[in-house]
Each structure stands twice: as C-alpha cells, then as structure tokens.
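An overview of the molecular structure
Here are the chains, one letter per residue:
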Amino acid sequence: MTAAPALTPFLETPFVIVTGVTGVGKTMTVAKAYHGAVWLVASSTGLHSFAAWCIKNWDKPDGPVALGMRTPVIPNPDFNPKKDISPDNPPAFNRAYEDGGMEVFVLNEMVVNPNGPGYVRVNARTDLASYFTTFAAMKKERAFPYTGIVMDEYSELLRRIEVNIDQDPSFGKDHFGRMDVVKEEHDFYCSMKRALDVPIIGLAHDREPTYESSETAFNRGLPTYGKLKYKGGPALPFGKMIDAMVQKTDVCVRMVMKSGLGKRVFLTKPQPDYFAKCRGEVDDEEPADLPALLRKALYRAGV
C-alpha cells in the first residue's frame, strides 16, 4: 500500500501578524527566529535592540555566534565605550548578507526631492510592491535564499499607503473606497505567501478597543454610551477594517508580558475585546516562540 500524497493545506506557509504594545519585544523575538528572512523595515532604527543584543552577547554560549545566527552588524573590537559613538568610534559595522549578515531594506517615507528643494513623499504602494515583484522574480529563478519575509512595522507601512491614497484626488472624499484599497493591499501580501512559499510576517502596533464615547450618546443617556464599538487588534488605518483583515490572515497573535513574571506569551484566541486567531490546536496562551507556535498549529514555519 502506497502512502497518500500530503494534504496541501499542511504544505502551505502562513501569513502571520504579531501585534503588541511598543516595547514588548516583538521585533527582538521574531528577529532571533527569522534572522534568515528578508526584512522590510519602516525605520532604520527598527532592528536597533536586536543589533545591540548581538553586540553584547556576541561570544556568549547563548549568543548569535554560538547559535549560528545571521546578524545585522558585527562588533568593532576597537570600540571605546567611554567615548561617544561617532564614525571614528562605532560600536559595530554593518554585516553584508554574503558574510553572514541579515538582508534588511529600509523603506523611507520621505526622500530628498530630485527636482527641487525639500522632500517628497514616497509612494508606499508601489515601493513595497516593487520588492515583492523582485522577490517573485528571484523565486522563479530559484534564487530566493530567505527563510521568510518580515514587515516591521506593518501598521506603519499600511498607514503610509493610506496617506498616499488620501492624497490621490481621484478618491475625493470616498472613505470606503480608500478603505477597500488598503484591504486589497493586505490581500495581496497574504496571497504572496503562495507565490514565494515562505512565511510572511507583519509586526504590528497594538490598537486598543474603541468604545462609544460620543457627547450626543452621553447627553441623551443612550445605552450605547460606553459600549464596545470596535475590538482591539492590529493597528490599522481604519478601526472597522480590523475584522476583515484578520479574517484573511492565517495567524494573528497578540504578544503580551505576563504581569509580575517577566515572561512574554502569545495570546492566540479571540477575546471579548480583542481580535486574535490561530487556525490549529493550540492553547489560548503559548510561549512567545513563533516557529514553535506555527509548527504546533501544523504550519510550515520556514526555519
């Protein structure tokens, strides 16, 4: 008797969103696991904490060298910590990908105006899409070496896209039209996991739940005052679109710090006031280890 072919759903890589408040450690946690991914970052300082960790723990038993990790930098052995950091006294040097570094691309919001004074806004839609077009071409030529794609911060990149749309006169005041375009952008990135066959991970700011607080409802004593208006979840340009976008996402987990324990965990299931999901048999709380969570949920983690 021959074995049946593997079930296609279990061979797919997921689109993942990891949310959390600023400073909870999303980037650090994901970078330690997906240092072999290509990173599309909204800020040149996005990987600062991970780079600092690499420098401090370079030769330690649980540091990046011992763990065989790619790193964005390599320590400067002549760095003098008693002096201020400068071009003549850098704590580290950038590390090229071919020399064991991470592949990181910074997506600028503004660039110097090539046709005059000042700055101009980058078209975030075409800028981000151009990277995925390049990645698809690399994949077609079997020259895509990365273990995944990480967008950090995904909330910020979508905000820039919404700003571009808002400044497009063809939309006028069409609020729902702008919202539909942002949803379409999200759908496109979700679909690219199949074309590239790697996990795609968006690190997002946390958006708190929104409650009805209008002055009219309060003055009239309406029962809607204080009621939940929009659940919390990934910070997106429009609160009412969180539900639709989470539906398109395979995994959307919220990273939190357990009070008094100093332990980070992923919340994987919907809560009364927050969106979250993880298709698979996982606990409501899981350790903040993304590859382990994905494997437990029977997804290909890519690493």
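These numbers were taken from a predicted model, which means no experiment stands behind them. The written sequence of each chain sets the order in which its residues are numbered from 1. A pLDDT threshold of at least 70 governs which residues receive local features in this predicted model, and a stricter bar of 80 or more applies before side-chain atom pairs are shown or counted, although totals over entire chains, interfaces and linings include all residues. Here the side-chain values reflect all heavy atoms present in the structure, with hydrogen atoms and water set aside.

1. What about the packing of helix α3 (residues 124–140) against helix α4 (residues 154–166)?
Two numbers describe a pair of packed helices, the interaxial angle and the distance between the axes. Formally: Under this scheme, a helix contributes an axis fitted over its contacting stretch, all axes are lines through C-alpha atoms, and angles between N-to-C directions fall in the 0 to 180 degree range. Helix and strand definitions follow DSSP, with helices as H or I runs of at least four residues and strands as E runs of at least two, each counted in order from the N terminus. Roughly parallel means an angle under 35 degrees; roughly antiparallel, over 145; roughly perpendicular, 65 to 115; everything else is oblique. Only heavy atoms enter the contact rule, under which two residues are in contact if any of them lie within 4.5 Å.
Relative orientation of the contacting elements α3 and α4 amounts to 135°, with a least axis distance of 8 Å. Relative to α4, the element α3 lies oblique. Residues A124, R125 and L128 of α3 form the contact with α4, whose participating residues are L157, R160, I161, N164 and I165.

2. A few points about the packing of aromatic side chains
Stated formally: Each Phe, Tyr or Trp ring, with Trp reduced to its six-membered ring, pairs with another whose centre is within 6.5 Å; inter-plane angles below 30 degrees give stacked pairs, above 60 give edge-to-face pairs, and intermediate values give tilted ones. Each residue is placed in one exposure class: buried if its accessible area under a 1.4 Å probe, protein chains only, is under 20% of its type's maximum, exposed if it is over 50%, and partly exposed if it falls in between.
Summed over all chains, the structure comprises 13 aromatic pairs. Judged by centre distance (5.0 Å) and plane angle (40°), the rings of F132 and Y189 are tilted. With F132 in helix α3 and Y189 in helix α5 (residues 175–196), the pair connects residues that are 57 residues apart, well separated along the chain. Note on F132: relative accessible area 0%, which makes it buried. Under the relative-accessibility criterion, Y189 is labelled buried at 0%. Pairwise contacts between aromatic rings join F15, Y97, F105, Y131, F132, F135, F144, Y146, Y154, F188 and Y189 into one cluster.

3. Comments concerning the environment of F275
By the secondary structure assignment, F275 is in the loop between β14 (263–267) and β15 (277–278). A relative accessible area of 17% means that F275 is categorised as buried. Not counting residues within four places of it along the chain, the set of residues in contact with F275 comprises K231, G232, G233, I242, D243 and V246.

4. Some words on α4
Test applied: Between the first and last residue of a helix there are one fewer steps than residues, each counted as 1.5 Å, and that sum is the expected span.
Taking 1.5 Å per residue, 13 residues should reach 18 Å; α4 reaches 18 Å between its end C-alpha atoms and fits that length. Here α4 lies mainly inside the structure; 11 of its 13 residues are buried. Taken as a whole, α4 has its buried residues at Y154, S155, E156, L157, L158, R160, I161, E162, V163, N164 and I165.

5. A short note on the layout of surface pockets
Our working rule: Using only the protein atoms, space was sampled on a 1 Å grid; points where a 1.4 Å probe fits but cannot get out form cavities, open sets with protein on both sides within 12 Å along at least five of seven lines form pockets, and lining residues are those with an atom within 4 Å of a point. Grid points are joined across faces, edges and corners, and a volume is the space filled by probe spheres set on the points. Note on residue classes: Ala, Val, Leu, Ile, Met, Phe, Trp, Tyr, Cys and Pro are nonpolar, Asp, Glu, Lys and Arg are charged, and everything else, Gly too, is polar.
When its volume is computed, the largest pocket comes out at roughly 540 Å³. Taken together, 23 residues form the lining of the largest pocket, with S44, A51, P72, V73 and N94 sitting closest to its centre. For the lining of the largest pocket, the elements supplying multiple residues, two or more each, are α2 (48–56), β4 (92–94) and β5 (103–106). It is α2 that contributes the most residues to the lining of the largest pocket, five residues altogether. Looking at the lining of the largest pocket, its residues break down into 14 nonpolar, six polar and three charged. As for the second largest pocket, its lining consists of 16 residues, of which T22, T27, G46, D152 and E153 are closest to the centre. It is helix α1 (residues 26–33) that provides the largest number of residues to the lining of the second largest pocket, a total of three residues.

6. Digging into empty space enclosed by the protein
Inspection of every chain in the model, using the stated rule, returns one cavity of 30 Å³ or more. Each pocket or cavity is described by its volume, and for the largest cavity that value is around 40 Å³. Lining the largest cavity are L107, N108, A124, D127, L128, L157 and R160. Those elements that place two or more of their residues in the lining of the largest cavity are α3 and α4. Top element by residues in the lining of the largest cavity is α3. It accounts for three residues. Partitioning the lining of the largest cavity into residue classes produces four nonpolar, one polar and two charged.

7. Let's talk about the pattern of salt bridges
Convention followed: When a carboxyl oxygen of Asp or Glu is within 4 Å of a side-chain nitrogen of Lys or Arg, the pair counts as a salt bridge.
Applying the stated criterion across every chain yields a total of 19 salt bridges. With a closest N to O distance of 3.6 Å, R178 and D166 form a salt bridge. Placement of the pair is R178 in helix α5 and D166 in helix α4, with a sequence separation of 12 residues. If you follow the salt bridges from partner to partner, you end up with E12, K193, R194, D250 and R279 in one network.

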